[in-house]
Every structure is written in structure tokens, then in C-alpha cells.
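Letter by letter, the chains look like this.
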Amino acid sequence: MHRLLVFALLSVAVAAQDPGPWHLPPLDRHLPPRAEAIYGAMATRVDASVAMAAVQFMAPLWRLAGNPDYNASLDFIAARLATGGVTHRVASYDNRGYGWAHRRGTLSIEGDAAGPVLSREQDRVALCINSFSTPPGGVTLPLIDVGAGAASDFTGKSVIGAVVIGQAPVGALWTRAVRDGGAAGVISTDLASYTRPADTPDVLQWGSIPYDEARRSFAFKASPRAARRLREAAIRTARVHVDIESVFHRGANRTVIAEIPGRGTSPERVVLVAHVQEPGANDNASGAGTLLAAALAMQAAIAQGALPPPQRTITMLWLDEMAGSRQWLSEDKARAAGVVAMMSLDMTGQDTRQTGGTFLIEKMPDPSALWERPSDPHSEWGAGKVDPAIVKGHLLNDLHLAIALRRARDTGWVVRTNPYEGGSDHTIFTEAGVPALLNWHFTDRYYHTNLDTRDKTSAATMQHVGITVATTAMFVAAAEAADAAPLRQLIDQAERARAATEARNHASAEIVEAWRKWYAEARQSISLIAR
């Protein structure tokens, strides 16, 4: 057994009195001096108003790769980078999607003077992605309620040419009603429980249906309030009027690529990613704005002489989630091979008093991703099956946590972690063998809903995340041989704390050994960066 693990296991009685969550030791007290200096430079330069301005511009826009709102958002980011003197370019590549957008998407009950049940103006994202236009002036169609929307609920009901309302997820409902039953369109009332629909009757979650040029169908998502009106109308055998004007833009998919150039000839780089598509303020205008503020702060610190240019290049990408990361990694294998660390910024701006979404660092895969640990709870996103082969020790997890906790010490910001779960751009880099983690908030009760709007964001939160990400990126990019000993001290302290935690967890010998191996590899990773 490793000597640090032996020390911690023997000291469990003392460790049991430590304050705070088991998996959040006070690593901020062990920051390398260079990281502390970078933190000071970033803390005074990451401008919360920059992040919020990006959110204010992007949040009202329904951003899908290739559509005008997505391109306008990228153009906004590029213009602000230019103003701040950050080297950047805009790359284009083939768009596998259809750049869907809509100008109008209204559903009304025939003869109902109360006005539209669903509309773009009222509900913003009620019309589902890939819905086709109706004929000019719209169409009036029968409305049929299929209850839960299961296959058995269609028995004995002809839905040909009708609009079908059901509780099933919109994709499944579309398949049963439109593809198999000949319906004209569907209305799904499906809602995740964390949106608290009983308390928020006007909430709905946006969705999509398959692109189907032959059927040219449509779909809506309905809030609880809208669903009640529609089901009451179905009982009366009322009909609904649907008026849609949508467009499929066939333009290229685009990525903004910005860089803080390294001062040496090394091909190594640190990569930061924020995705632009999706219609939310927190998801992910906040991530895009946070990364923008961090980029300008890093550039300003160098330009003003507060920090020297780093050894390694820092590359920042604003892109189409997952697809853009795959494209960037695949277009230049040599460049991608030089990535020493990656961080994703996704949903980084929550006003947690409203959303309930705690800030989380989703760690790169470590043993907590393989074994359920009471000290390392998963988010409501949930654990997935993780291949043990991708669980390789690295300094990134504990370094980034230490820097986040350093910010928390100054401000009272609440920081938590969760085991690797995947689902954003860090997944793509992890699959490519790159040490990668995610900065995010969850569970957010407004996630993927029409109510993910600017008033749910926090400039202060984006500043906290921006400072943390910029500090970690600059440190990893700048690390030299002199940083090796302080990094070892940080990793040693993290291992002691982890061993004490696993003792409290009554960990098996297998788990203890997995963590010993993890931290041995984390110490080895120091030599790859601090040299």
C-alpha cells in the first residue's frame, strides 16, 4: 500500500473532524506560487459585464448551427475578440444538420377567443426543431388526445390528418402518430420532473423531430397550462389551427477559433470550449460569454505586462456542441495530439437562487466514476457506464478544484464536484485521450426550457467561473520545471484527503488500490507539464 494512503488510513479519526464535504479538501491552501500569481492577475481582469453582454445578445436567439441566429452569435463573439486584440479566425465546414429556424409557430383552438395556446411570441421555443411550414394562412385540423401516448393508447383511433396530443416524449409520439399513423403533427406534454411543473404551469421543454421532407410534419411542446386547454378542447372535439413558417438554412457550420499564442515552438496547447447552439441563456449563452470574458482577461494581462506569454498556446473554441469538437480534433491530427488539457464551459452562469443548479466541476474520469461513492454524488444527469481504460490519473482535477476553492475563499462562492458523466464537449476530448473536465451547473430547473432566460443568469457566477478557468488554463500553459515541486505537494495533499475519505466510505481494497494508482499517475503527469 502506498505510504500516503497508509498515513491517511491511520489518521482517519483526525480526518473525521475536518469540516466540509469529504471530497473537497482545502486544496486552495496548497496552490503553487505561479498559480497564485496568475489568480491575482485574473481576479482583477475577468470582466463580468463582458460575459453578461454576450448573454444579453445571444439569449433571445434560437441558435442552431448554420442558421442566422447561430451565425450572428459567432459574429458577436468574433467582433468582441477583435476589439480586445485576441488573435482569432472563423472556420467553416460542412453542416450535417439543416440550420432550422422559424419565423412563426402558432397553435390556436378554433373559435377560442382567449388567443393562441402556443406561439413563438409567448413560448419562444414551443415549436420543435425540423417542423415544416404549413400552407400560407395555416391549416385547421382535428385534435386527438392519446393520453400517455403509448402504442396501446392509439388502439381504435384513426389519427390520419389530425394533430395528436400525448404525454410521451416528442420523438416517440411523432413516430407513433405521424410516421406510423399518418397524423399531420403532434403536441407533446412531456416534462422532466425537475422543472417542477406543478409550481411552474407555463414551463415547457424544447425538442426536435426527425427531418422528413416527404411528410413535412410538425410538432409542438406544450406547458401544463397549454396542455389543459388543449385536452379540454379535445373532449369537445374542437379543432386546432396551426400556422407555421419555418426555414431550413443550408449554410456551413462555423467555429470561432481564438488563441493566446505560446512563446515557444512547442506544439502543445490548452483548449477551452463553449458551445453556441441551443436557445438558452444559461445553456449556453453563459458558457460562451464566460469564455469570452476569460479570453479578453488573459490577453489583457499579457498586453499590460502583468503576466508573460505562456509557454504553450491557449486555444479557445466557440462551436456547435460535440460536432465542432470532433471537427477541430479531426482536421489536424498533429495539432490535436499536442493538447495537454481541455476544459468545457457549459451552463456556467446560473443565478442559483432561482435555478437551483449548483456549480459543479465534472471531473475527468477517476475512480469515483467507476464506483458509487457517498462522498462523490452524481448529478441528476446520472452515472453512465465508464470504461476503466479511460480512468487515468492526472493533475488537472485537483489543480482546477484548488483554483476554484481559492476563488470560493475570497467570495463565498459554492463549489462542488461530480464524477465523470459525459454529455458535452469534454466527452469528445476524453474519448480522444485528452485530460478534460467540465465546468457547469446542475440540476437547473429551467434546463432546456422556454424559461431559460437572461433573468436566470448571474454576472458574478460567470466571473467566478471565468477567473477559475482562465487561471487554470494560464497555469497549465505556463508551467515550468520550477512548478513541479509545488504541484507534487498539491497532489500529495489531495491524495491524503482522498484516502481519508475512502476510509470513511469503508472502501474495499480494490478501490483503495485504484486511487493509489490514480495518484501515482497524477504525479507522473506533472513531468509532462512542469518541465
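Residues numbered from 1 in each chain as written. Predicted model: local features only at pLDDT ≥ 70, side-chain atom pairs only at ≥ 80, totals over all residues. Heavy atoms only, no water.

## Considering the layout of surface pockets
If you add up the space inside the largest pocket, you get close to 660 Å³. Considering the residues around the largest pocket, the lining is formed by 36 residues, among which Leu64, Gln277, Asp320, Glu321 and Ala323 are closest to the centre. Broken down by secondary-structure element, the contributors of at least two residues to the lining of the largest pocket are helix 10 (323-331) and strand 14 (436-442). It is helix 10 that contributes the most residues to the lining of the largest pocket, 4 residues altogether. Broken down by class, the residue content of the lining of the largest pocket amounts to 14 nonpolar, 13 polar and 9 charged. (1 Å grid on protein atoms, 1.4 Å probe; cavity = no way out; pocket = protein on both sides within 12 Å on 5 of 7 lines; lining within 4 Å. Points joined across faces, edges and corners; volume = space filled by probe spheres on them. Helix = DSSP H or I, 4+ residues; strand = E, 2+ residues; numbered from the N terminus. Nonpolar A, V, L, I, M, F, W, Y, C, P; charged D, E, K, R; others polar.)

## Side note on the sheet that holds strand 14
A sheet is described by the order of its strands in space; here 8 strands give the open sequence 1-8-10-9-11-14-12-13, paired in mixed fashion. The two strands at the open ends of the sheet, each matched to only one other strand, are strand 1 (87-93) and strand 13 (416-418). Across the sheet, the mean angle from the axis of one strand to that of its neighbour is 25 degrees, orientation sign disregarded. Note: strand 8 (residues 253-260) against strand 10 (residues 313-319), 5 bridges, orientation antiparallel. Following the sheet pairing, Ile257 is matched in strand 10 by Leu317. Along the sheet, helix 5 (residues 68-83) contacts strand 1, strand 8 and strand 10; its crossing angle with strand 8, the most-contacted strand, is approximately 15 degrees. (Pairing = 2+ DSSP bridges. Axes fitted to C-alpha atoms, helices over the stretch in contact; angles between N-to-C directions. Contact = heavy atoms within 4.5 Å.)

## What about the nonpolar core?
Judged by nonpolar contacts, the single largest core of 94 residues is most densely connected at Met42, Leu272, Met298, Met316 and Trp318. If you tally residues by element for this core, the top one is helix 9 (residues 285-303), at 12 residues. With residues near it in sequence (within four places) discarded, Met42 still touches Ala297, Met298, Ala301, Leu307, Ile467, Ala470 and Thr471. In terms of nonpolar packing, the next biggest core, distinct from the first, is built from 31 residues, Trp100, Leu141, Phe218 and Leu230 among them. (Core = buried A, V, L, I, M, F, W, Y, C linked by side-chain atoms within 4.5 Å. Buried < 20%, exposed > 50% of the residue type's maximum accessible area, 1.4 Å probe, protein only.)

## Thoughts on unusual backbone geometry
The omega angle of the peptide bond from Asp283 to Asn284 is 0 degrees, so this bond is cis rather than trans. By the secondary structure assignment, Asn284 is in the loop between strand 9 (269-275) and helix 9. A cis amide bond, omega -10 degrees, links Phe442 with the succeeding residue Thr443. Positionally, Thr443 belongs in the loop between strand 14 and helix 15 (459-478). Look at Met347: it is not a glycine, yet its phi comes out positive at around 65 degrees. By secondary structure assignment, the location of Met347 is in the loop between strand 11 (339-345) and helix 12 (352-355).

## Some remarks on the sheet that holds strand 7 (residues 239-248)
Reading across from one edge, 2-7-3-4-5-6 is the order of the 6 strands in this open sheet, with mixed pairing throughout. In this open sheet, the two edge strands, each paired with only one partner strand, are strand 2 (100-109) and strand 6 (218-221). Strand-to-strand, the axes of this sheet are offset by a mean angle of 30 degrees, without reference to chain direction. With 9 bridges connecting them, strand 2 and strand 7 associate as antiparallel partners. Residue Thr106 lies in a different strand from strand 7, and its bridge partner there is Asp243. This element, helix 7 (residues 170-179), spans strand 4 (163-166), strand 5 (185-188) and strand 6 of the sheet and lies at about 145 degrees to strand 5. On top of the sheet, helix 8 (residues 224-235) reaches strand 2, strand 3 (139-145), strand 4, strand 5 and strand 7; it is set at about 90 degrees to strand 3, its chief contact.

## Details of the packing of aromatic side chains
Throughout the structure, instances matching the rule amount to 21 aromatic pairs. Relative to Trp413, the ring of Phe359 lies with its centre 4.6 Å away and its plane at 35 degrees, an arrangement referred to as tilted. One end of the pair, Phe359, is in strand 12 (residues 358-362); the other, Trp413, is in the loop between helix 13 (396-411) and strand 13, with 54 residues separating them in the sequence. Accessibility classification places Phe359 together with Trp413 in one group, the buried group. Across from the ring centre of Tyr446, 4.7 Å away, lies the NZ or CZ of Lys456, which sits over that ring. (Phe/Tyr/Trp six-rings, centres within 6.5 Å; stacked < 30°, edge-to-face > 60°. Lys NZ or Arg CZ within 6 Å of the ring centre and 35° of its normal.)

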